[in-house]
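Descriptive structure summary
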Amino acid sequence: MPMKQAHTLDVPGARLHYQVRGQGPALLLIPGSNGDADLFDTVAELLAPRYTVISYDRRGFSRSTLNGSFEDDAWGETHVNDARCLLQTVAKGPAHVFGSSAGAVIGLALISQSPGLVTGLIAHEPPLAEVLTDAARWRTFFQQVYDTYRRDGAGPAMQMFMTGIGLDSLQRPADIDPDLIRRLSGNLGFFLDHEVRQAPGHRPDLATLDAQQERIVMAGGRDSRQHFPYRAGLALADRWGKSMIDFPGDHTGYWSDPAGFATTLINVLDGPRT
């Protein structure tokens, strides 16, 4: 099996760090608001015998640098364009897409805007406040997190954020790369400045998604069914008369239980769209 290869891709306004490994049909992994490809490392290694796995740091996070400012009003458009560039340049065409958390929001926007590039999408716990009946409450909450950050700093804001959405006791792997932890800590400012309001505030094109629903699988962690991101995914599954596919672990089960997560992901990729 070929080793992981790391590359960079210049896109408008940024330089993306991405990784490729494996063989077979292309599979793009879009990370959540931690934004770092290495959270998928073990899962990607387990998928590599079956798929050409492409993972990346999203722009502004970890090793993917900005060339200029980030336009908050174009959050979705910008991240979708980055994913589109990776599919066109690295995958060389249509690919399977897995997105988790904010990455699932991006995946849903991608299949809305460029359905010809997405063979199928697995959207794992997209934190979409706008699909919930209590969307106004969540808009207020995320604005309060941002205000706390501006007033008191990242620590209090992240504690408020994690507790408020039910992720204050996330499961973690036994061994964690200290360099990864350093990068994740370094990403907090960018997340709070440019994503804590923008990702949950994204308004999906529901009519366009309705037309693509047969190629979309809504998924979540079996240990996080009561939490905000799972609820948002469930709202879309209910809209389409589908069941949620439960993956091992919680919101970041790909990190805490990569073997179980990879097995479930392979089963979903190989199975029918229901």
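Note that the structure is predicted; figures quoted are calculated from it, not measured.

The next subject is the overall build of the chain. Along the chain, the regular secondary structure elements total 12 helices and 9 strands. Taking 274 residues into account, the globule formula puts the C-alpha radius of gyration at 19 Å, and the chain, at 17 Å, falls close to it. When its C-alpha atoms are laid out on the principal axes, the chain stretches across 50 × 40 × 40 Å. At a minimum sequence separation of 6, the contacts of the chain that also span at least 24 residues come to 75%. About 11,100 Å² of surface is accessible on the chain, with carbon and sulfur atoms providing 49% of the total. In the chain, 25 side chains carry a positive charge and 31 a negative one; their mean positions are 2 Å apart.

To continue, consider the packing of aromatic side chains. Tallied over the entire structure, the rule returns 16 aromatic pairs. Taken together, a centroid distance of 5.6 Å and an interplanar angle of 80° make the contact between Phe 70 and Phe 190 edge-to-face. Within this pair, whereas Phe 70 is found in the loop between strand E5 (65–66) and helix H2 (75–91), its partner Phe 190 is found in helix H7 (residues 188–194), the two being separated by 120 residues in sequence. Exposure remark for Phe 70: the relative accessible area of 9% places this residue in the buried category. Seen in terms of ring centroids, Phe 142 and Phe 161 are 6.2 Å apart; in terms of plane orientation they differ by 50°. Their pairing is tilted. Taken together, the positions of Phe 142 in helix H4 (residues 135–152) and Phe 161 in helix H5 (residues 154–165) put the pair 19 residues apart, joining distant regions of the chain. The two residues Phe 142 and Phe 161 agree in class, both being buried.

Topologically, Leu 66 is positioned in strand E5. When its relative accessible area of 27% is taken as the criterion, Leu 66 is described as partly exposed. Sequence-distant contacts of Leu 66, defined by excluding residues within four places in its chain, comprise Gly 13, Ala 14, Arg 59, Gly 60 and Phe 190.

Let us look at the pairing of strand E7 (residues 118–124). Burial within E7 is extensive, with 6 of its 7 residues counted as buried. Here strand E6 (residues 95–100) runs beside E7; their pairing, made up of 6 bridges, is parallel. The residue of E7 that forms the bridge with Val 97 is Leu 121. Viewed along the sheet, the connection from E6 through helix H3 (residues 102–113) into E7 turns out right-handed. Where E7 lies against strand E8 (residues 216–221), 4 bridges are found, and the strand directions are parallel.

Interaxial distance between H4 and H5 falls to 7 Å at its minimum, and their mutual angle equals 160°. Taken together, the axes of H4 and H5 lie roughly antiparallel to each other. Both H4 and H5 take part in a crossing whose hand is right-handed. Every residue of H5 that contacts H4 at Trp 138, Phe 141, Phe 142, Gln 144, Val 145, Thr 148, Tyr 149 and Asp 152 is listed here: Ala 154, Pro 156, Ala 157, Met 160, Phe 161, Gly 164 and Ile 165.

Its 12 residues place the ends of helix H10 (residues 228–239) 17 Å apart at the C-alpha level, agreeing with the 16 Å of an ideal helix rising 1.5 Å per residue. Residues of H10 that are buried include every one of Phe 228, Pro 229, Tyr 230, Ala 232, Gly 233, Leu 236 and Ala 237, and no others. Directly after H10, the chain includes Gly 241, whose backbone phi takes a positive value near 65°.

A few words on the environment of Ile 165. As for its placement among the helices and strands, Ile 165 is situated in helix H5. Look at Ile 165 and you get buried, because its relative accessible area is 5%. Leaving out residues up to four positions away in the same chain, Ile 165 has contacts with Trp 138, Phe 141, Phe 142, His 227, Phe 228 and Pro 229.

Burial of E6 is extensive: 6 of the 6 residues sit out of reach of the surface. Pairing of strand E3 (residues 26–30) with E6 involves 4 bridges; the strand directions are parallel. By the bridge assignment for E6, Leu 29 is matched with Phe 98.

One pass over the structure, following the stated rule, counts 20 salt bridges. Between Asp 270 and Arg 50 there is a salt bridge, and its shortest N-O distance comes to 3.0 Å. Of this pair, Asp 270 sits in helix H12 (residues 258–270) while Arg 50 sits in the loop between helix H1 (41–47) and strand E4 (52–56); the two residues are 220 residues apart in sequence, bridging distant segments of the chain. For Asp 270, a relative accessible area of 49% gives the class partly exposed. Linking Arg 239 and Asp 210 is a salt bridge whose minimum nitrogen-to-oxygen distance equals 2.8 Å.

Definitions and cut-offs
Residues numbered from 1 in each chain as written. Predicted model: local features only at pLDDT ≥ 70, side-chain atom pairs only at ≥ 80, totals over all residues. Heavy atoms only, no water. Helix = DSSP H or I, 4+ residues; strand = E, 2+ residues; numbered from the N terminus. Rg over C-alpha atoms; globule rule 2.2 N^0.38 Å. Contact = heavy atoms within 4.5 Å. Areas by Shrake-Rupley, 256 points an atom, 1.4 Å probe, with all protein chains shown as cover. Lys, Arg positive; Asp, Glu negative; His and termini not counted. Charge placed at Lys NZ, Arg CZ, Asp CG, Glu CD. Phe/Tyr/Trp six-rings, centres within 6.5 Å; stacked < 30°, edge-to-face > 60°. Buried < 20%, exposed > 50% of the residue type's maximum accessible area, 1.4 Å probe, protein only. Pairing = 2+ DSSP bridges. Right-handed = clockwise from strand over helix to strand, strands pointing away. Axes fitted to C-alpha atoms, helices over the stretch in contact; angles between N-to-C directions. Parallel < 35°, antiparallel > 145°, perpendicular 65-115°, else oblique. Left-handed = near helix turned anticlockwise from the far one by under 90°. Expected span 1.5 Å × (residues − 1). Salt bridge = Lys/Arg side-chain N within 4 Å of Asp/Glu carboxyl O.

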